[in-house]
Amino acid sequence: MTVRDKACRVIIHIFLILGSFAMVMPFVWMVLTSFKSVTEATQMNPFVFFPTKWRFENYIDVIKQNNFLRLYYNTFSMIFWRVVCAVAFSSMAGYAFARLRFPGRDFCFGIVLFQMMIPTQVFIIPQYLMVDKLGARNTVFALVFPGLVSAFGTFLMRQFFRSIPAELEQAARIDGCSIGQTFALIMLPLVRSGLVALSIFTALFAFKDLMWPLIVNSSTDYATLASALAKIQSAYTVKYNILMAASVLAIWPMIIIYFIFQKQFMQSVTTSGLTM
Amino acid sequence: MTGGKKKVKINEWLWGWFLAAPTVIGLVILNIIPAIQTFYLSFFKSGDFGRGNIFVGLENYRKLINDTQVWYAVRNTLLYTLLVVPASVFLAAVIAVLLNKNIKGKSIYRSIYYMPVIATPAAVTMVWRWLYNNHYGLINYILKQLGLNPVNWIDDPNVALLSIAIISIWSTTGYNMVLILAGLQEIPAVYYEASNIDGANAITQFFRITIPLVSPTLFFVVTTSVIQCMQVFDVVYMMIDVARPSYDSTVSLVYLFYNNSFKYLNKGYGSAIVMVLLLVISIITVIQVKLQKKWVNYMG
């Protein structure tokens, strides 16, 4: 390595470290503020960077007053059912569209493509009216409702099934497997990485979504972490230490999951990008 | 056709229908019929409690054309997209190119840059609101220490949209970076080796090899980012409530749709607004696909 190369690398590292700092700083500030008192948080002269005393009371306050356990339950039930539905129905339909011939196949696949091209806001009012008519507002079912099926998931799984060589499937069929057995026992295990990617996408989308839970579950007992934050913000307005504690409570589960399954998170992004 | 063959064929049909049925039926109920209903609703004025919709023909659309807020929303949404997409894609591309040089700690950098992507926008916006705070915010504090004038990030109508765009750039760069990095890794090393022998320098290589070969990925990144930006809601909703002085200069089409449909409960007018969104997105997508032929290279 020449001197010039080395200098070049140092400059790249400096640039990347500065960028990393910009990425991490808001999170650090969120955590630091969440442990301060209001006076400490708003003290500018002298400037307080670290809290003098780490106030866990802020967290206890916000958990008690906003029933965070309930919010975790609502959010993760919604995520669980949406992932189950997306994985089950999308892999079934994706397989049918990729590997089977049946009348109406292209028309049905056209419906999948149509949904993917239309912005989701177009569906929201009628979806809300349906939930309302079913008397299902303020339930976990209402949160799951628009995610019962997934056009994106179907498209993604179809791409995965198409990439598997046909010989494997033919061999299974000759050995006497039915179509259902071939799908469930031979093909499904081969698209595991697709199923993981779809699960991560579905979970992350549901976790971040704000508008739907805001509309359909107005009761705080059925809010998700995201939609509860909107209410907490208008209730506490300037108590930034409490607001930051609520934010930390809302994002830590996904941060932990992300650091455990980092590799899968990255792969889910790249596979979706490259199969489209 | 023999009876056996026919039986096999019908068997395949039945399985096909059976496997596709949940998704297809679900999409028809949840998406196809609602899309038609929204279009239909846009010709009605919603009565109280959603009862007694009154047919008003094109009245909602006439109102919409004369509604300055709709025009503000179209302008804000387009301006926001123009601020976010180029900055986010450019930064993502620069970081991806640097990380692609087998730099030490590559995976650590990658995970750090991706972190904002997984955080809930509602929480992220709350933190940024705090950073942007006029009196106690960290950003204005730093500006003051540097001897610069503090900025009214949230309430100044000329600045607020930029403040929102900065949050979005911060939270989407990592996602685009991962995609572009994957695209870069697909480029065979032989191209670079061959051009090294021909004496090409790093800059020529970047413009003659890297950019053309990664252009399909860039196209994907740009089109998906544009569509997402056009639907911006969370950040604006969490940052600017209706009473703020900067509302008119930040309200997005989807935010306006939300307010009209679910706050003022006029779902007919809300439906008309969402039709405008659909129209704008369609026009932009057509333009992008047309322009694609000029710069995207699919030789790979």
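Residues numbered from 1 in each chain as written. Chains lettered and ligands numbered in written order. Predicted model: local features only at pLDDT ≥ 70, side-chain atom pairs only at ≥ 80, totals over all residues.

1. Concerning the overall build of chain B
Right, so step 1: A count of helices and strands for chain B gives 12 helices and two strands.
Right, so step 2: Starting at the N terminus, the α and β elements of chain B follow one another as α-β-β-α-α-α-α-α-α-α-α-α-α-α.
Right, so step 3: For 300 residues, the compact-globule estimate of 2.2 N^0.38 gives 19 Å, and chain B exceeds it by more than 25% at 25 Å.
Right, so step 4: Its C-alpha atoms give chain B principal-axis dimensions of about 85 × 75 × 35 Å.
Right, so step 5: The buried share of chain B, reckoned over its 300 residues, is 39%.
Right, so step 6: Within chain B, residue pairs in contact and separated by at least 24 positions form 70% of the contacts whose partners lie at least 6 positions apart. (Helix = DSSP H or I, 4+ residues; strand = E, 2+ residues; numbered from the N terminus. Rg over C-alpha atoms; globule rule 2.2 N^0.38 Å. Buried ≥ 20, exposed ≤ 12 C-beta atoms within 10 Å, placed from the backbone. Contact = placed C-beta atoms within 7 Å.)

2. Here we look at the nonpolar core
Right, so step 1: Counting residues in each nonpolar core, the largest one holds 148 residues, and the members touching the most others are Leu229 of chain A together with Val236 and Ile273 of chain B.
Right, so step 2: It is helix H4 (residues 68-99) of chain A that contributes the most residues to this core, 13 residues altogether.
Right, so step 3: Excluding residues within four positions of it along the chain, Val236 of chain B makes contact with Ile164, Thr250, Val251, Ser252 and Tyr255 of chain B. (Core = buried A, V, L, I, M, F, W, Y, C linked by C-beta atoms within 7 Å.)

3. What about helix H11 (residues 253-263) of chain B?
Right, so step 1: The buried fraction of H11 of chain B amounts to eight of the 11 residues, a majority that puts the element mostly inside the structure.
Right, so step 2: Each element contacted by the buried residues of H11 of chain B is listed here: helix H6 (121-133) and helix H12 (211-216) of chain A together with helix H3 (68-99), helix H10 (234-239) and helix H12 (267-295) of chain B.
Right, so step 3: After H11 of chain B finishes, the residue Leu265 of chain B shows a positive phi value of roughly 55°.

4. A few points about the interface of chain A and chain B
Right, so step 1: On the chain B side, the residues contacting the 73 residues of chain A number 70 residues.
Right, so step 2: By residue number, the principal contributor to the side of chain A that touches chain B is helix H1 (residues 3-34) of chain A, which donates 11 residues.
Right, so step 3: Here the side of chain A that touches chain B is composed, by residue class, of 55 nonpolar, 15 polar and three charged. (Nonpolar A, V, L, I, M, F, W, Y, C, P; charged D, E, K, R; others polar.)

5. Examining the packing of H3 of chain B against helix H9 (residues 202-230) of chain B
Residues and elements named next belong to chain B.
Right, so step 1: It is the contact of H3 with H9, at a shortest axis distance of 9 Å, that shows an interaxial angle of 145°. Between H3 and H9 lies a crossing whose hand is right-handed. Of the residues in H9, those in contact with Thr77, Tyr80, Thr81, Val84, Val85, Ser88 and Val89 of H3 are Val221, Val222, Ser225, Val226, Cys229 and Met230. (Axes fitted to C-alpha atoms, helices over the stretch in contact; angles between N-to-C directions. Left-handed = near helix turned anticlockwise from the far one by under 90°.)

6. So, the domain arrangement of chain B
Right, so step 1: Its domain assignment divides chain B into domain 1 (3-41) and domain 2 (67-295).
Right, so step 2: On a C-alpha basis, the centroid separation for the pair domain 1 of chain B and domain 2 of chain B is 37 Å. (Domains from an automatic or database assignment.)

7. Describing the packing of H4 of chain A against helix H11 (residues 192-208) of chain A
Residues and elements named next belong to chain A.
Right, so step 1: In the contact formed by H4 and H11, the axes pass within 9 Å of each other and the chain directions differ by 145°. Every pair of crossing elements has a handedness; the one defined by H4 and H11 is right-handed. Of the residues in H11, those touching H4 at Thr75, Met78, Ile79, Arg82, Val83, Ala86, Val87, Ser90 and Ser91 are Leu195, Leu198, Ser199, Thr202, Ala203, Ala206 and Phe207.
Right, so step 2: Here the contact of H4 with H11 is composed, by residue class, of 10 nonpolar, five polar and one charged.

8. Quick word on the domain arrangement of chain A
Right, so step 1: Looking at the assigned domains, one finds that chain A contains domain 1 (1-25) and domain 2 (60-227 + 266-275).
Right, so step 2: Just the C-alpha atoms count here: the centres of domain 1 of chain A and domain 2 of chain A sit 40 Å apart.

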